[in-house]
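So the chains spell out like this:
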Amino acid sequence: MPPLRHFRQQEPQEIDCARLIPGEAPAFQSGKKERAQSVRSEEFRTGNVSEISTEVRATPSDNAFVLLVPAPLQSRMAWRWLRCATGDLALVALNWRLIGALLVFFPQVRVFDTAVAPVSLLGVAVLHAALIILMAYTEGLYLRGRNLRQEARILGKAVLWATTVLGFAYALQAPWATSGLICGAGALHFGVLLTWRWQSARQERGADQRSDVRNVLIVGAGGVGRRVASYVDGHPEAGRSVYGFLDNEQPLGDRVIGRVSDLAWLARTGFVDEVILAAPRDRDMTLHVLREAQRLRLDVEMVPELFGCEPVGTEFERVGNLPVICLHAERMPALGLGLKRLVDVVGASFALAILSPFLALIAGLIKLDSPGTVLYCAQRAGRKSRLFHCYKFRTMVSNADELKDRLRQNNQRSGPFFKIADDPRITRLGRVLRRYSLDELPQLWNVVKGDMSLVGPRPHPLDDIAAYEVEHLARLDVTPGITGLWQVTARRDPSFQRGMELDREYIRTWSLGSDMRILLRTFLAVARGSGD
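Notes on the structure follow. (Residues numbered from 1 in each chain as written. Predicted model: local features only at pLDDT ≥ 70, side-chain atom pairs only at ≥ 80, totals over all residues. Heavy atoms only, no water.)

A separate point is the environment of A267. With respect to the helices and strands, the residue A267 is situated in helix α8 (residues 263-269). Taking relative accessible area as the criterion, A267 reaches 5% and is therefore assigned buried. Along the primary structure A267 and R19 are separated by 248 residues, whereas in three dimensions their C-alpha atoms are 8.6 Å apart. Setting aside its immediate chain neighbours within four residues, A267 contacts L217, V272, L296 and L298. (Helix = DSSP H or I, 4+ residues; strand = E, 2+ residues; numbered from the N terminus. Buried < 20%, exposed > 50% of the residue type's maximum accessible area, 1.4 Å probe, protein only. Contact = heavy atoms within 4.5 Å.)

And the structure:
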């Protein structure tokens, strides 16, 4: 039935224009019915919008059943999600039944080294379909407004990951032939599910009318509102239809069918389901529309003014109760950094377990060589200048830090970095430990804790950090390491600036492969005893 516009317009407070929601209230009870109050136009015009009640309408009781219902079934897109998910489940199950039937009726075709009955594949079918649906839901496959190319990309990713997980799980307890069967089924699922969506999109475009089309009122007939309407008109498969615009400034006509004060009457006569605020600038008008739409039981959405910027991602982040839209995000190699951390933990833990007797031997020799503690523990600046305790075998006399200021005049490195040859503070055993970099071995514990990495810029003492220029702080953008590009390339180069350039180059060109190469070169340097 088309929207009705020939009814005589009445004042909003004289009639109840609210949309009726099935099951919104408990069973009918006798007694006087309290009329829902409208927001009068005078209140909007005089600016008393802040006094309008925003009391939340009563909802069905949160009993145990409601709390257990999945979130997709509680949203306004519940029917669409249920219909699509049920269709996906049925098609995946039919595919598996077909595969099982082929294996039974053609036993001479021994493609797989196992015989599988159709009934035994039912559990595999349900699990495979569930994984595909869950992955597709997290990627937004069941949202409105997706074109076939976007759906194909999301569907391919969902089927790929679901098939990989299921195949790997069965490979742990069944012959690899079963995993091959699952991979073949995944390819079949993708083709069938994509074909079904293509055929459904064709039928929706060819249909004259759809019962589930949502009529939309757009508040604001400016550039943003026109863009919204143009998209909705050009994508009928999204299930929306523009009823018209409400605008207080532009003249009536060209789809502008009324003013904001006409919202209740136009929403009722046009069977409007949804109101879209297109880049509103007037706070009072926005609050008026929001609260009037709440009273009329209409969905409200807002297209914010982003000044020509495109939001990043498809989800809102929240800071407390405030929605935050990301306009720009640098792409970080999160997966690579995660693998780097995994290599750090596994490698450092393994090295500590293997070298523990050797570490105990070094500790005993240090106690015999000179008085003082076995470990030297000092604060260092880590990633983003966060302080941490860095551990090393003690290779100097116990009062080495007190003697450092007296020796600064002999510093052989340029810039804030301090190092001198034949440092008088170094003990006899310390020279041996430093030559083979054995004094750095306790830092494997720093790696396990997450303060350091196996490879990265070396952590500097705090007094060196205090002498940094602003451009030097870039090396603190990453986690410091036991070894790095500087150490294997220009360890004896006295130029501090050269070392900073190498650290920046390492960060800019980082990869797991470069870390492996630096570790290999470090092992070779340690074996040659080229340490200071």
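Attention now moves to the sheet that holds strand β1 (residues 214-219). One open sheet holds the five strands; their spatial order is β3-β2-β1-β4-β5, and the pairing between them is parallel. Whereas interior strands pair on both sides, the edge strands pair on one side only; in this sheet they are β3 (256-258) and β5 (299-303). For this sheet, the mean inter-axis angle between neighbouring strands, taken without regard to orientation, is 35 degrees. As judged from the five bridges shared by strand β4 (residues 274-278) and β5, these two strands associate in the parallel manner. Across the sheet, residue E274 finds its bridge partner in β5, namely D299. Docked against the sheet, helix α7 (residues 223-234) engages β1, β2 (240-246), β3, β4 and β5, running at close to 155 degrees with respect to β2. (Pairing = 2+ DSSP bridges. Axes fitted to C-alpha atoms, helices over the stretch in contact; angles between N-to-C directions.)

With that settled, consider the pattern of salt bridges. For the structure on display, the rule yields 17 salt bridges. Residues R226 and D254 are paired through a salt bridge, measuring 3.4 Å at the closest nitrogen-oxygen approach. Note that R226 is positioned in helix α7 and D254 in the loop between β2 and β3, a separation of 28 residues in sequence. R226 sits in the partly exposed class, given a relative accessible area of 26%. D233 serves as the salt-bridge partner of R255, at 2.7 Å between the closest nitrogen and oxygen. Of this pair, R255 sits in the loop between β2 and β3 while D233 is found in helix α7, placing the two residues 22 residues apart along the sequence. Classification of R255 as partly exposed rests on a relative accessible area of 35%. Overall, the relative accessible area of 41% leaves D233 in the partly exposed class. What emerges from the salt-bridge pattern is a single network uniting R214, R240, E274, D299 and E301. (Salt bridge = Lys/Arg side-chain N within 4 Å of Asp/Glu carboxyl O.)

We now examine the side chain of E292. Checked against the element boundaries, E292 lands in helix α9 (residues 283-295). Residue classification places E292 among the buried positions, given a relative accessible area of 3%. Within the structure, E292 has its side chain in polar contact with the side chain of R295 (distance 3.1 Å). (Polar contact = N/O pair within 3.5 Å; in protein donor to acceptor, adjacent residues only side chain to side chain.)

Leave glycine aside and you will find that most residues have negative phi; peptide bonds, for their part, are mostly trans. The phi dihedral of R255 falls on the positive side, at around 75 degrees, and the residue is not glycine. Positive phi, close to 60 degrees, is recorded for R297, a residue that is not glycine. Relative to the helices and strands, R297 resides in the loop between α9 and β5.

So, about the packing of helix α4 (residues 122-138) against helix α5 (residues 148-171). It is at 8 Å that the axes of α4 and α5 come closest, and there the two elements cross at 140 degrees. On the basis of the axis angle, α4 is oblique to α5. Crossing hand, α4 versus α5: right-handed. Residue-level inspection shows V124, L127, H128, L131, I132, M135 and A136 of α4 in contact with α5, the latter providing I154, A158, V159, W161, A162, T163, V165, L166 and Y170. Among the residues making up the contact of α4 with α5, the classes are represented as 14 nonpolar, two polar and no charged. (Parallel < 35°, antiparallel > 145°, perpendicular 65-115°, else oblique. Left-handed = near helix turned anticlockwise from the far one by under 90°. Nonpolar A, V, L, I, M, F, W, Y, C, P; charged D, E, K, R; others polar.)

Time to look at helix α10 (residues 334-369). Taking 1.5 Å per residue as the helical rise, α10 with its 36 residues ought to reach 52 Å, whereas the 46 Å between its terminal C-alpha atoms falls clearly short. At L355, α10 shows its largest kink, close to 60 degrees, and the proline P357 lies no more than four residues downstream. Residues of α10 that are buried include every one of G336, K340, D344, A348, A351, L359, I362, A363 and I366, and no others. Buried residues belonging to α10 abut β9 (387-393), α12 (428-435), α13 (443-449), β10 (453-455), α16 (496-508) and α17 (512-528). (Expected span 1.5 Å × (residues − 1). Bend = angle between axes of the 7 residues up to and from the residue.)

Across all of its chains, the model carries zero aromatic pairs by this definition. The cationic tip of R226 hangs over the ring face of F245; the distance from NZ or CZ to the ring centre is 4.4 Å. (Phe/Tyr/Trp six-rings, centres within 6.5 Å; stacked < 30°, edge-to-face > 60°. Lys NZ or Arg CZ within 6 Å of the ring centre and 35° of its normal.)

We now examine the environment of R226. For the pair R226 and F245, spaced 19 residues apart in sequence, the C-alpha separation works out to 9.1 Å. For R226, the contacting residues outside a window of four places in its chain are A221, F245, Q250, D254, R255 and V256. Among the polar contacts made by the side chain of R226, one reaches the main-chain carbonyl oxygen of D254 at a distance of 3.1 Å.

No statement about biological role is implied by the geometric values presented.
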